Amino acid sequence: MTANLEVRDGVGTILLDRPPMNALDVATQDRLRELAEEATRRDDVRAVVLYGGEKVFAAGADIKEMQAMDHTAMVVRSKALQDSFTAVARIPKPVVAAVTGYALGGGCELALCADFRIAGDNAKLGQPEILLGLIPGAGGTQRLARLIGPSRAKDLIFTGRHVRAEEALTIGLVDRVVPAAEVYEQAHAWAAKLAKGPALALRAAKESIDAGLETDIDTGLTIERNWFAGLFATEDRERGMRSFVEEGPGKAKFL
């Protein structure tokens, strides 16, 4: 297997396992889609961590494999590539990327699919596809611009330069920088905390934010309103409000 799903304390870790650099070949891309769909289905997975191991997150696509593809082959493959990453982005549960070492090209694009990114102080991120005469093809031109703004995204994509952890934090590409040895531990702790929360409300929040960013404000407000009202039909809402009234804020325990 090029990747697998390990579950502990309500957190499913999607672990890339293609030494030495976790190059994202076709088999790994397809496996990511399978694991994202599994994490979405499983009730015992309430939050997800994306992790490449202690040394590297993912150093990008398998260039040798890609070099052998012609235009016709890539027309077919590019949709499957994007679909794999979109499956990760659309996991309806909190997702955190635990980034160590290189997260370049497809590796950076995979990290962009998470809701939150914790990077080690040894991390280097970037979209170097321009150096191959290409552009990002797994969502980088879209998700990166939405995350850090079009001007900063163009800087990284036009130059192909690598961004060290502290600069990535400054521009909003990652959300926290920690010692490299603590990346997975802190990512898992963040996910485990959210795994104890109200699953349907977390799903509603994620889908409202993500869908709202892709449309106009009025449509976004409609999405929010429908989810907000719908949550009044859930046991989690009853449990949360009852706990607030009887015990005070922040003490509800959700199933």
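Note that this is a predicted model, so its numbers are computed, not measured.

A. Region of interest: the pattern of salt bridges. Scanning all chains against the criterion turns up 14 salt bridges. Glu34 is paired through a salt bridge with Arg31; the nearest N and O atoms lie 3.2 Å apart. Placement of the pair is Glu34 and Arg31 together in helix H1 (residues 26–41), with a separation of 3 residues, close to one helical turn. We note a salt bridge from Lys206 to Asp115, for which the minimum N-O separation is 3.0 Å. Residue Lys206 is found in helix H9 (residues 199–213), and its partner Asp115 is found in the loop between helix H4 (106–112) and strand S6 (116–120); the two are separated by 91 residues along the sequence. What makes Lys206 buried here is its relative accessible area of 9%. One salt-bridge network, in which partners are shared between bridges, spans Arg18, Asp25 and Asp62.

B. Up close: the environment of Gly126. One can find Gly126 in strand S7 (residues 124–126). Considering only alpha carbons, one finds Gly126 and Ala199, 73 residues apart in sequence, at a separation of 33 Å. Beyond its immediate sequence surroundings of up to four residues, Gly126 is in contact with Ala103, Leu104, Gly105, Cys108 and Arg161.

C. Looking closely at a nonpolar patch on the surface. A cluster of nonpolar side chains, Ile63, Leu132 and Leu134, forms an exposed patch at the surface whose accessible area comes to about 260 Å². Turning to its location among the elements, Leu134 is positioned in the loop between S7 and helix H5 (140–148).

D. Spotlight on the pairing of strand S1 (residues 3–8). By the bridge criterion, 6 bridges tie S1 to strand S2 (residues 11–16) in an arrangement that is antiparallel. If you follow Glu6 over to S2, its bridge partner there is Thr13. Counting the residues between successive antiparallel strands, the hairpin from S1 to S2 contains 2 residues, one of them, Asp9, with a positive phi of roughly 55°.

The rules behind these values
Residues numbered from 1 in each chain as written. Predicted model: local features only at pLDDT ≥ 70, side-chain atom pairs only at ≥ 80, totals over all residues. Heavy atoms only, no water. Salt bridge = Lys/Arg side-chain N within 4 Å of Asp/Glu carboxyl O. Helix = DSSP H or I, 4+ residues; strand = E, 2+ residues; numbered from the N terminus. Buried < 20%, exposed > 50% of the residue type's maximum accessible area, 1.4 Å probe, protein only. Contact = heavy atoms within 4.5 Å. Patch = residues over 30% accessible without salt bridge, like charges linked within 9 Å, V, L, I, M, F, W, Y side chains within 5 Å. Areas by Shrake-Rupley, 256 points an atom, 1.4 Å probe, with all protein chains shown as cover. Pairing = 2+ DSSP bridges.

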